[in-house]
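Architecture and fold: a report
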Amino acid sequence: MNFEEYTMRLLPLFLQLVGLTFAVLIDPYIGRKYRRGMLMIIALIFTLTAQNLIEYMLSDHIPLPRLRILVSMYGYIIRPVILALFFTIVVQDKKHLFVWALTIINAIIFSTAIFSDICFTISKDNHFYRGRLGYSCHIVSGILILQLLFVTLKELRHDKKIENSIPIINVFIIVTAVLLDLFIPMKVTVTSYLTVAIVSCTVFYYIWLHLMFERKHAKALQAEQRMQIMMSQIQPHFLYNTLSTIQALCKTDPDKAFDTTEKFGTYLRQNIDSLSKSTMISIDKEVEHTQIYAEIEATRFPHIHVDFDVDCSDFTIPALTIQPLVENSIRHGVRIRKDGRVSVTVRNKGAGHEIVIKDNGKGFDVSNIGKMEGTHIGLTNVKERVESQCGGTFTVNSVLNEGTTITMFIPEKIDIIPQL
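The following refers to the structure shown. Worth saying up front: this structure is predicted, and the values here are computed from it rather than measured.

Secondary structure assignment for the protein chain yields 12 helices and 9 strands. The buried share of the protein chain, taken over its 420 residues, is 47%. Counting every atom, the protein chain has about 21,400 Å² of accessible surface; 61% of that belongs to carbon and sulfur.

If you walk across this open sheet you meet the 5 strands as S4-S6-S7-S9-S8, and the pairing is mixed. A strand with exactly one partner marks an edge of an open sheet, and here the two such strands are strand S4 (304-310) and strand S8 (393-399). Pairwise comparison of adjacent strand axes, ignoring direction, gives a mean angle of 10° for this sheet. Pairing analysis gives 7 bridges linking S8 to strand S9 (residues 403-411), with the strands arranged antiparallel.

As a further point, take the packing of aromatic side chains. Evaluated as defined, the whole model comprises 8 aromatic pairs. Seen from their ring centres, tyrosine 76 and phenylalanine 120 are 5.5 Å apart, and the 45° between their planes marks the pair as tilted. Here phenylalanine 120 lies in strand S1 (residues 120-122) and tyrosine 76 lies in helix H3 (residues 65-90), a separation of 44 residues in the sequence. Overall, phenylalanine 120 belongs to the buried group, its relative accessible area being 0%. Between phenylalanine 120 and phenylalanine 128, the aromatic rings sit 5.5 Å apart at their centres with planes inclined by 20°, giving stacked as the arrangement. Above the plane of the ring of tyrosine 135 lies arginine 130, whose end atom (NZ or CZ) is 4.4 Å from the centre.

A separate point is the packing of helix H4 (residues 97-111) against helix H5 (residues 136-155). Following both chains from N to C, one finds H4 and H5 inclined at 170°, their axes separated by 10 Å at the closest point. For the element pair H4 / H5, the angle class is roughly antiparallel. Facing H4, whose interface residues are Phe98, Val99, Leu102, Thr103, Asn106, Ile109 and Phe110, H5 presents Ser136, Cys137, Val140, Ile143, Leu144 and Gln147. Looking at the contact of H4 with H5 residue by residue, the classes come out as 9 nonpolar, 4 polar and no charged.

So, on to the nonpolar core. Of all hydrophobic cores here, the largest spans 51 residues; its most connected members are Ile82, Phe86, Ile174, Trp208 and Leu209. When residues of this core are traced back to their parent elements, those giving at least two are helix H1 (3-26), helix H2 (32-60), H3, H4, H5, helix H6 (165-183) and helix H8 (193-252). Apart from the residues within four sequence positions on either side, isoleucine 174 is in contact with Leu83, Phe86, Ile145, Leu194, Ala197 and Cys201.

Once that is clear, we can look at a nonpolar patch on the surface. A cluster of nonpolar side chains, namely Phe98, Tyr135, Ile139, Ile143, Val175, Leu179, Leu182 and Phe183, defines an oily patch on the protein surface of about 780 Å² accessible area. Going through the elements one at a time, H5 and H6 are the ones with two or more residues in the nonpolar patch. The biggest single contributor to the nonpolar patch is H6, with 4 residues. As for its placement among the helices and strands, phenylalanine 98 is situated in helix H4.

As a further point, take the pairing of S8. By the alternation rule, side chains of S8 split into Phe394, Val396 and Ser398, which are all buried, and Thr393, Thr395, Asn397 and Val399, of which none is buried. In this structure, the hairpin formed by S8 and S9 is closed by a connection of 3 residues, where asparagine 401 is found at a positive phi of approximately 70°.

This part takes up the pattern of salt bridges. Under the counting rule described, the total for this entry stands at 7 salt bridges. With a closest N to O distance of 2.4 Å, arginine 347 and aspartate 309 form a salt bridge. Placement of the pair is arginine 347 in strand S6 (residues 340-349) and aspartate 309 in strand S4, with a sequence separation of 38 residues. Since its relative accessible area comes to 36%, aspartate 309 is described here as partly exposed. For glutamate 387, the salt bridge identified is with lysine 383, shortest N-O distance 2.8 Å. Highlighted residues: glutamate 387 and lysine 383, both in helix H12 (residues 379-390), separated by 4 residues, approximately one helical turn. For lysine 383, a relative accessible area of 31% gives the class partly exposed. Connected through salt bridges with shared partners, the residues Asp307, Asp339 and Arg341 form a single ionic network.

Each value, and the rule that gives it
- Residues numbered from 1 in each chain as written.
- Predicted model: local features only at pLDDT ≥ 70, side-chain atom pairs only at ≥ 80, totals over all residues.
- Heavy atoms only, no water.
- Helix = DSSP H or I, 4+ residues; strand = E, 2+ residues; numbered from the N terminus.
- Buried < 20%, exposed > 50% of the residue type's maximum accessible area, 1.4 Å probe, protein only.
- Areas by Shrake-Rupley, 256 points an atom, 1.4 Å probe, with all protein chains shown as cover.
- Pairing = 2+ DSSP bridges.
- Axes fitted to C-alpha atoms, helices over the stretch in contact; angles between N-to-C directions.
- Phe/Tyr/Trp six-rings, centres within 6.5 Å; stacked < 30°, edge-to-face > 60°.
- Lys NZ or Arg CZ within 6 Å of the ring centre and 35° of its normal.
- Parallel < 35°, antiparallel > 145°, perpendicular 65-115°, else oblique.
- Contact = heavy atoms within 4.5 Å.
- Nonpolar A, V, L, I, M, F, W, Y, C, P; charged D, E, K, R; others polar.
- Core = buried A, V, L, I, M, F, W, Y, C linked by side-chain atoms within 4.5 Å.
- Patch = residues over 30% accessible without salt bridge, like charges linked within 9 Å, V, L, I, M, F, W, Y side chains within 5 Å.
- Salt bridge = Lys/Arg side-chain N within 4 Å of Asp/Glu carboxyl O.

Okay, here's the thing in structure tokens:
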């Protein structure tokens, strides 16, 4: 086979890599770290494919034994490095010290080819001879492949999506390629099976990443839309109740109606941004929301008292988190009491902040929360936002005829929406 024929057979691999590079660069779903890892793998595969071409030239057309040793040595060293980089695609958060230690050991072993024939050598008449450690690259690659299979299965064991079979299939493709390289000479195959397999698997890994991040992006959009829907459900309720209170006061106490209207106007002017957002706001603003609401309700129900004990104000929570719960306590709990009381307590606790809303109302059966949404303002609604936006917890304890306690825990470090 002449040089032109060999080059034409390698051309499809180069074209795949060029197309893959372009796709990775413009893909809006792949995260920065994954994009950087993919581009690094592609760059190394470019050099590996070029190494195959140069090695063919040196073995059949340009007999330069010393240069061929260096080129072959590079191929043996770089293949495990590419396999190691696949680990960073499957699991980004770990350093994979064992994997990189193996690749370094392999590189040291094959670097000895410069001055020793313990791994391999090229004779003066340009023939390849494998030494005692000549299969070290194959052994290291085999260990890395088994480890990659184990890590992949462990990482994806809880996610049953069909596309997660791609990394596992890739492992078997690479295993098959290594076995074929052991039994079929390179002159017969034009280029190594492992090189072809690595190019193909890189394309498959890109497809897998794209599908994975596209799904995460879709989930993030769905979560954001769900938050907006939930917020739109809460806000009209709050506004309706406030206007109903003012309407009632217009007949019973016009002066109080005037004062309440002024408070409500001030509240809207200062907090309309928070009311229209599903993003996080400071605890101070949320407490202010709740205090103004409590004052408005107290004008209509003088027997109801809402106490605030806020001991920290250096964190954020979802908008309209505390106020709906206090409204829930007033409307469905303490109104029946001659001395109805609701307390809001905010404390630092452990690695986060604890918010407790407690009332002495009539209580309810916690197991029926989902069925009571028609008469209770979204406990489930607030719970879902605290958990999804803050990574927090939300618990409800209620005893019939004694009262209800709602406890929320907001961790210090939050991740509202995954970064893609």
